[in-house]
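Spelled out from the first residue to the last, the chains are:
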Amino acid sequence: MIFGIIISVCILCVAALISAVLQNAEYSENKIKRELKREKILDCLPGGNCGACGYSDCASLAMDIAKGKASPASCRPGGNSVAQAIGVILGNDDRETQRMRAQVMCSGNNHTSRPKYIYDDGALDCFAEMKLGGGSRGCKYACVGMGNCVKVCPFGAISIKDGTAVVDYKLCTGCGNCVTACPKHIIKLIPYDAYHWVGCSSKDSANRAKFNCTVGCTGCSSCLKVCPEQAIEMNGNIASINYDKCSGCGMCYTVCPEGVIWRSDIVGKDGLIFTKGKKTH
């Protein structure tokens, strides 16, 4: 009887050992496959370590995509091409993501914005200038122009021209770092191929907006009235475009009396020419 029990225990131990060895082998095999997959995914990513995906670097994102903890479309700078390439590696090639670009929603500059004071010998930092009455320009919603967005862009896509931040769309990947860095919150991510946008963020009354800047939105609602897709939304005294509805017809661009709605003309595969609206009065 005792001998039979010993035999049974030995059999159970051997079975447990074999099971543990097989599980370890399977785990090791899966780990190797996952690591190989991670390396292939990492090769697909841009490598800018911009942080737009929420991860500190591309390697961390690649690991979580390989583990199934992150979407293959997590990389905004990579766009559809990267998402689809990763989808092929994972055995699913139908992933898509919309390419985005940063847009500074301010048309004012050193020539069109009324100055309040001269900011001189101060720190070259937007937050520092904002502490002095919201900035040197009359419009408290205007771009400060000290370049915080320039400093955080890993792709060199932003520069300061005439005191206002300007985005080079050919270099912009839509990572969103500039959106986070802007203390005025006037940089937005919009679809790369968006036809129109409102180049103003002022929520002031019409008279104050015109007093502070010659190219400010006055909230007249002319664009709202003519939009056939109901894509124009009024947030107080400022118009904005709902890109889920916008068809790019251009009616808003045509009727804007202040010429503050901009238009992008698609040229070639990835080229855009930006055209500012003209005043109609």
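Residues numbered from 1 in each chain as written. Predicted model: local features only at pLDDT ≥ 70, side-chain atom pairs only at ≥ 80, totals over all residues. Heavy atoms only, no water.

## Overview of the state of the cysteines
This structure, assessed with the given rule, holds 0 disulfides. The thiol of Cys153 is not disulfide-bonded; the next cysteine sulfur, from Cys175, is found 5.8 Å away. Unpaired in this structure, Cys252 has its nearest cysteine sulfur neighbour in Cys246, at a distance of 6.3 Å. (Disulfide = S-S within 2.5 Å.)

## Quick notes on the pairing of strand β2 (residues 158–161)
Note: β2 against strand β3 (residues 164–167), 4 bridges, orientation antiparallel. Across the sheet, Ile158 pairs through a bridge with Val167, a residue of β3. Between β2 and the antiparallel strand that follows it, β3, lie 2 residues; Asp162 among them carries a positive phi value of about 55 degrees. (Pairing = 2+ DSSP bridges. Helix = DSSP H or I, 4+ residues; strand = E, 2+ residues; numbered from the N terminus.)

## Remarks on the environment of Ser136
Residue position: Ser136 is located in the loop between α4 (126–130) and α5 (148–152). Measuring from C-alpha to C-alpha, the distance between Ser136 and Lys116 comes to 5.2 Å, with 20 residues separating the pair along the chain. The contact partners of Ser136, leaving out residues within four places of it in the chain, are Arg114, Pro115, Lys116, Tyr117, Tyr119 and Glu129. At 2.8 Å, the side chain of Ser136 forms a polar contact with the side chain of Glu129. (Contact = heavy atoms within 4.5 Å. Polar contact = N/O pair within 3.5 Å; in protein donor to acceptor, adjacent residues only side chain to side chain.)

## So, unusual backbone geometry
Despite not being glycine, Asp162 shows a phi value in the positive range, around 55 degrees. Even without glycine at this site, Gln230 takes up a positive phi of about 55 degrees. Residue class for Gln230 comes out exposed when judged on its relative accessible area of 60%. (Buried < 20%, exposed > 50% of the residue type's maximum accessible area, 1.4 Å probe, protein only.)

## Comments concerning helix α3 (residues 79–89)
Within the span of α3, buried status applies to Gly79, Val82, Ala83, Ile86 and Gly87. The buried residues of α3 occupy one face: seen down the axis, they fall within an arc of 140 degrees. Exposed residues pointing more than 90 degrees away from the buried face of α3 are listed as Ser81 and Val88. One or two steps after α3, the chain reaches Gly91, where phi turns positive at roughly 85 degrees. (Arc of directions from axis to C-beta.)

## Some points on the nonpolar core
Membership of the largest hydrophobic core comes to 17 residues, with the highest contact counts inside it found for Val104, Ile158 and Ile187. When residues of this core are traced back to their parent elements, those giving at least two are β1 (100–104) and β3. For Ile187, the contacting residues outside a window of four places in its chain are Ala102, Gln103, Val104, Cys149, Cys178, Val179 and Cys182. Val198, Ala231, Ile241 and Tyr253 belong to the second largest nonpolar core, which has 15 residues in total. (Core = buried A, V, L, I, M, F, W, Y, C linked by side-chain atoms within 4.5 Å.)

## Side note on the side chain of Asn109
Mapping Asn109 onto the fold places it in the loop between β1 and α4. In this structure, Asn109 is in contact with Arg137, Asp162 and Thr164, ignoring residues within four places of it in sequence.

## Quick word on the pairing of strand β6 (residues 232–235)
Judged from the 4 bridges that link them, β6 and strand β7 (residues 238–241) form a sheet pairing that is antiparallel. Across the sheet, Met234 pairs through a bridge with Ala239, a residue of β7. Counting the residues in the hairpin turn of β6 and β7 gives 2 residues, including Gly236, whose phi is positive at 75 degrees.

## Side note on the packing of aromatic side chains
Tallying each qualifying case throughout the model produces 1 aromatic pair. With a centroid separation of 6.2 Å and an interplanar angle of 15 degrees, the aromatic rings of Trp197 and Trp262 are classed as stacked. Highlighted residues: Trp197 in strand β5 (residues 196–198) and Trp262 in strand β8 (residues 261–267), separated in sequence by 65 residues. With a relative accessible area of 1%, Trp197 lands in the buried category. Directly above the aromatic system of Trp197 lies the positively charged group of Arg101, at a separation of 4.9 Å from the ring centroid. (Phe/Tyr/Trp six-rings, centres within 6.5 Å; stacked < 30°, edge-to-face > 60°. Lys NZ or Arg CZ within 6 Å of the ring centre and 35° of its normal.)

## Considerations on the confidence of the model for the chain
Looking at the chain as a whole, the pLDDT averages 84, with 81% of positions reaching at least 70. Per-element confidence in the chain ranges from a low mean pLDDT of 62 for strand β9 (residues 271–276) to a high of 96 for helix α8 (residues 222–226). (pLDDT = per-residue confidence, 0-100.)

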